[in-house]
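# Examining the three-dimensional arrangement
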Amino acid sequence: MSSYQDLEIKAREIRKLVIKSIYEAGSGHPAGSLGASDLIAAFYFKILNHKPTEPNWPERDRFILSNGHICPALYAALSLSGYFPVLEMNNLRKFGSGLQGHPHRGKLPGVETTSGPLGSGLAQAVGIALAARIDKKDFRVYCLTSDGEHDSGNHWEAVMVAAKYKLNNLTLLIDRNKIQLSGNTEEIMPLEPLSLKYKSFNFNVLEIDGHNFDEIIDSVYKAKNYKDGPTVIIANTIPGKGVSFMEGKWEWHGKAPSKDEFEAAMAELEGGN
Amino acid sequence: MPEEIANSNQITKSIRDGFGEGLVEAAKNNKEIVVLTADLEESTRVSGFAKEFPERFFEVGVAEQALVTIASGVANYGKIAVATSFSVFVPGRCLEQIRTTIAINNLPVVLVGSHGGFSAGADGVTHQALEDIAITRSLPNMTVVAPADFYEAKKAIISLLNLKTPSYLRLERDASPFLTEESSSFEVGKARVLKEARDPQITFFGYGSILSEVMRAALELENSGIETRVVNVSTIKPLDEEEIIHSARVSKCLVSVEVHQKAGGLGSAIAEVLASNFAVPLEIVAVDDSFGESGKRDELLKKHHLTSSDIKERAMLALQRKSEHILVQ
């Protein structure tokens, strides 16, 4: 039993908006979005120092979403935080909407960067962290990545740079849901032993249950207090979490639910406690 | 002045050195400038900056994708980033990263590619950038500049840093003749006339150090009684369309010259403008759908038909087409 019931409620709201918006759009990425909903809820409603009414507040913590395809969860959290009206969620992936299929900087308040092409988020977070350090800024830089994008060289290049410059203002979060577009990560391109990889790259490594708010918040606190370099939090998650027929299935990486599936998913999320 | 230019091969400085000096000068007045490089500090002439502003200089190793994406982050924070490498690698090795994180984000990053064209001659085909202009000029939000000489490079970097939008600056390695002066004006987006004529029969366009070959060709034609203009198109994007159309109208015969593939380069850009405004004969002197090989710059220019005598020959072709064109009309 989590001591963060308020966050559980927020996470459920996010999940409902994820399912509803993807259903309305007719396309999108439900599995990753649902799997990361608890992480995103913890950040937007507990961890981040941010001002939804002032999205460009210079002192805000930066939250870089590297795996842009799970943006329905990000958009839901932004709307529930007050960056824009929740009703806008109905316009996901629609022409003229700020809720682009993948995040587009400048189109929607609260979106820190354009993302979708994988493996480039951490490097951008590294750039922000390096620049912030020049100005002796106190804010923290967080980057959420998928596990699948660890196949990309760009990501590991950034890992090396983060370690070289001992970026203790940077925390990397990995949504370790073990699926990617066309299969399981360990079949497409094995990542294990992932935590040992990061240790050998001189990161401080923490591994948690990505659905447990106590563990999420505690690990972020530990990362903040680690001064010798960057920290990575490997958050083990279940893709599709919250909708039983989507859970653990890579087939739900990138498709919208049918009407029946949508109704079943919403019923489960409404009723779930 | 033009004759001096054509004969001034002995007084030379490199385009990359002009960039390095301009960068330090700009950084003295603007503490928001941050420089990153990919194991090419000396080669891309950012050592001066690194020495003077070590807290604003970052070495990311041989990792061009990290180079440009980290630069994007630096700019996303609010600083002005300069990312340097060889022009084969930036933009070549990291196009999608440039597109997504710099061009789409529309962030103030100056991408600097040194050793453009055949200026890495001896290094061979892998190190000769002949596609960089086509790649970068296809990107929305991107400004593309290739200075003609040391002085222009110095001014170009200062101007691009003031733009606060994405840009690509193509540099060359070796010392090359001065084609402009320290006091010459420079403005991004403005072509500059290097050689004017009262009643021009032909106008030459070009960018980079190859303009000295162009000047030589133009002056030789002039000596044989053909009045010529030469225009330095150091900003390939946004192209100075007004100057292109003006040149087409006054001389009705054009030649573009560049050390770059014909596809997508300056010649293509000029043709795009002419086609929808004022079509006149245009000869595009460029590398014609082929790769280089090891050799001295002069040997490579000769092989790829980019010397002053090749340019002259192509100019004669253009003039021939012009006279036929007029007959048809």
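Residues numbered from 1 in each chain as written. Chains lettered and ligands numbered in written order. Predicted model: local features only at pLDDT ≥ 70, side-chain atom pairs only at ≥ 80, totals over all residues. Heavy atoms only, no water.

## Description of the overall build of chain B
Defined as follows: Note on conventions: DSSP H or I runs of at least 4 residues are helices, E runs of at least 2 residues are strands, and numbering of each starts at the N terminus. Taken over C-alpha atoms, the radius of gyration is set against a globule rule of 2.2 Å times the number of residues to the power 0.38. Type-normalised accessible area, obtained with a 1.4 Å probe on protein chains alone, sets the label of each residue: buried when under 20%, exposed when over 50%, and partly exposed for intermediate values. Contacts: residue pairs with any heavy atoms within 4.5 Å of one another.
Helix and strand counts for chain B stand at 12 helices and 14 strands. Relative to the globule expectation of 20 Å for 329 residues, the C-alpha radius of gyration of chain B, 19 Å, shows essentially globular dimensions. A principal-axis box enclosing the C-alpha atoms of chain B has dimensions of 65 × 40 × 35 Å. A buried classification covers 62% of the 329 residues belonging to chain B. Summarising the internal contacts of chain B: among those between residues at least 6 apart in sequence, 80% fall at separations of at least 24.

## What about the side chain of Asp61 of chain A?
All names here are of chain A. Formally: This count recognises Lys and Arg as positive and Asp and Glu as negative, with His and chain-terminal groups excluded. Any carboxyl oxygen of Asp or Glu that lies within 4 Å of a side-chain nitrogen of Lys or Arg is treated as forming a salt bridge with it.
Along the chain, Asp61 falls in the loop between α3 (37-47) and β1 (62-65). One buried charged residue, Asp61, remains without a salt bridge, the closest side chain of opposite sign being Lys224 at 6.2 Å. Not counting the four nearest positions on each side in its chain, Asp61 is found in contact with Ile47, Leu48, Asn49, Glu112, Phe139, Arg140 and Tyr142.

## Section: the interface of chain A and chain B
The following threshold applies: In short, buried area is how much 1.4 Å probe accessible area vanishes from two parts on joining, totalled over both. In protein, a polar contact requires one atom able to donate a hydrogen and another able to accept it; more generally it is a pair of N or O atoms within 3.5 Å, and residues adjacent in sequence count only if both atoms are side-chain atoms. Following the grouping adopted for this structure description, the nonpolar residues are Ala, Val, Leu, Ile, Met, Phe, Trp, Tyr, Cys and Pro, the charged ones are Asp, Glu, Lys and Arg, and the polar ones are all others, Gly among them.
The partner chain B presents 26 residues to the 27 residues of chain A that form the contact. Buried area between chain A and chain B, summed over both chains or domains, comes out near 2,100 Å², and the portion from carbon and sulfur atoms is 59%. A per-residue breakdown of the area chain A buries against chain B is headed by Arg105, Ile134 and Glu157 of chain A, which together make up 23% of the total. Between chain A and chain B we count one salt bridge in total. Summed over the shared surface of chain A and chain B, the result is 11 residue pairs in polar contact (both at pLDDT 80 or more). Counting only elements with at least two residues in the side of chain A that touches chain B, the list comes to α5 (121-134) and α6 (153-164) of chain A. The element contributing the most residues to the side of chain A that touches chain B is α5 of chain A, with nine residues. Grouping the amino acids of the side of chain A that touches chain B by side-chain chemistry returns 12 nonpolar, eight polar and seven charged.

## Notes on the confidence of the model for chain B
Here is the rule: Values of pLDDT, which run from 0 to 100, indicate the predictor's confidence residue by residue.
Here chain B averages 95 in pLDDT, while 96% of its residues score no lower than 70. Both scores are available for the predicted complex, with the pTM at 0.96 and the ipTM at 0.96.

## Concerning the pattern of salt bridges
A side chain of one charge can pair with a side chain of the opposite charge when the charged atoms of the two come close. Considering all chains together, one arrives at 33 salt bridges over all chains under this definition. Note that Glu186 of chain A is salt-bridged to Arg176 of chain A, the shortest N-O span being 2.7 Å. Of this pair, Glu186 of chain A sits in helix α7 (residues 185-188) while Arg176 of chain A sits in strand β3 (residues 170-176), placing them 10 residues apart in sequence. Salt-bridge contacts for Glu222 of chain B lead to Lys195 of chain B; the nearest nitrogen and oxygen are separated by 2.8 Å. Of this pair, Glu222 of chain B sits in helix α8 (residues 211-223) while Lys195 of chain B sits in strand β9 (residues 192-195); the two residues are 27 residues apart in sequence, bridging distant segments of the chain. Members of the salt-bridge network, linked through shared partners, are Asp135 of chain A together with Lys31, Glu32 and Lys79 of chain B.

## Comments concerning the nonpolar core
For clarity, the threshold we go by: What is meant by a nonpolar core is a set of buried Ala, Val, Leu, Ile, Met, Phe, Trp, Tyr and Cys residues, joined one to another through side-chain atoms within 4.5 Å. Just so you know, the domain bounds were taken from an automatic or database domain assignment.
If you look at the biggest cluster of nonpolar residues, it comprises 81 residues, and the most contacted ones within it are Val126 and Tyr198 of chain A together with Ile70 and Leu111 of chain B. The greatest single-element share of this core, amounting to nine residues, is contributed by α5 of chain A. Inspection of this core shows a minimum of three residues originating in each of domain 1 (13-177) and domain 2 (192-328) of chain B. The contacts of Leu111 of chain B, once residues within four sequence positions are left out, are Val68, Ala83, Val90, Ile98, Ile102, Met142, Ser167, Tyr168 and Leu169 of chain B. In this structure, Ile22, Ile40, Ala41 and Ala73 of chain A belong to the second largest nonpolar core, which totals 55 residues.

## Looking at the packing of aromatic side chains
Our working rule: For Phe, Tyr and Trp, where Trp contributes only its six-membered ring, two rings pair if their centres lie within 6.5 Å, and the inter-plane angle classes them as stacked under 30 degrees, edge-to-face over 60, or tilted in between. Charge over a ring is defined by NZ of Lys or CZ of Arg lying within 6 Å of the ring centre and within 35 degrees of the ring normal.
Scanning the model with the defined rule gives 15 aromatic pairs over all chains in all. Between the aromatic rings of Tyr44 of chain A and Phe63 of chain A, the centroid separation amounts to 5.3 Å while the plane-to-plane angle is 70°, which identifies the pairing as edge-to-face. Taken together, the positions of Tyr44 of chain A in helix α3 and Phe63 of chain A in strand β1 put the pair 19 residues apart, joining distant regions of the chain. The buried category is assigned to Tyr44 of chain A, whose relative accessible area is 6%. Within the aromatic cluster, the residues linked to one another by ring pairs are Phe43, Tyr44, Phe63 and Tyr142 of chain A. Here the basic side chain of Arg62 of chain A rests over the ring of Phe139 of chain A, its NZ or CZ set 4.1 Å away from the ring centre. A cation sits over an aromatic face here: Arg56 of chain B above Phe53 of chain B, 4.3 Å from the ring centre.

## With respect to the sheet that holds strand β6 (residues 204-209) of chain A
Pairing between the strands of a sheet comes from backbone hydrogen bonds, and it takes one of two forms, parallel or antiparallel. Residues and elements named next belong to chain A. Applied cut-off: Only strands that DSSP links by at least two bridges are regarded as paired with each other. Axis geometry follows a simple rule: fit a line to the C-alpha atoms, using only the stretch in contact for helices, then measure angles between N-to-C directions, giving values from 0 to 180 degrees.
With parallel pairing, the five strands of this open sheet are ordered in space as β1-β2-β3-β7-β6. Looking at the sheet topology across the chains shown, the edges are occupied by β1 and β6. The mean inter-strand angle of the sheet, taken between neighbouring strand axes irrespective of direction, is 20°. Alignment of β1 against strand β2 (residues 141-146), held across four bridges, turns out to be parallel. Along β2, the bridge assignment pairs Ile64 with Cys143.

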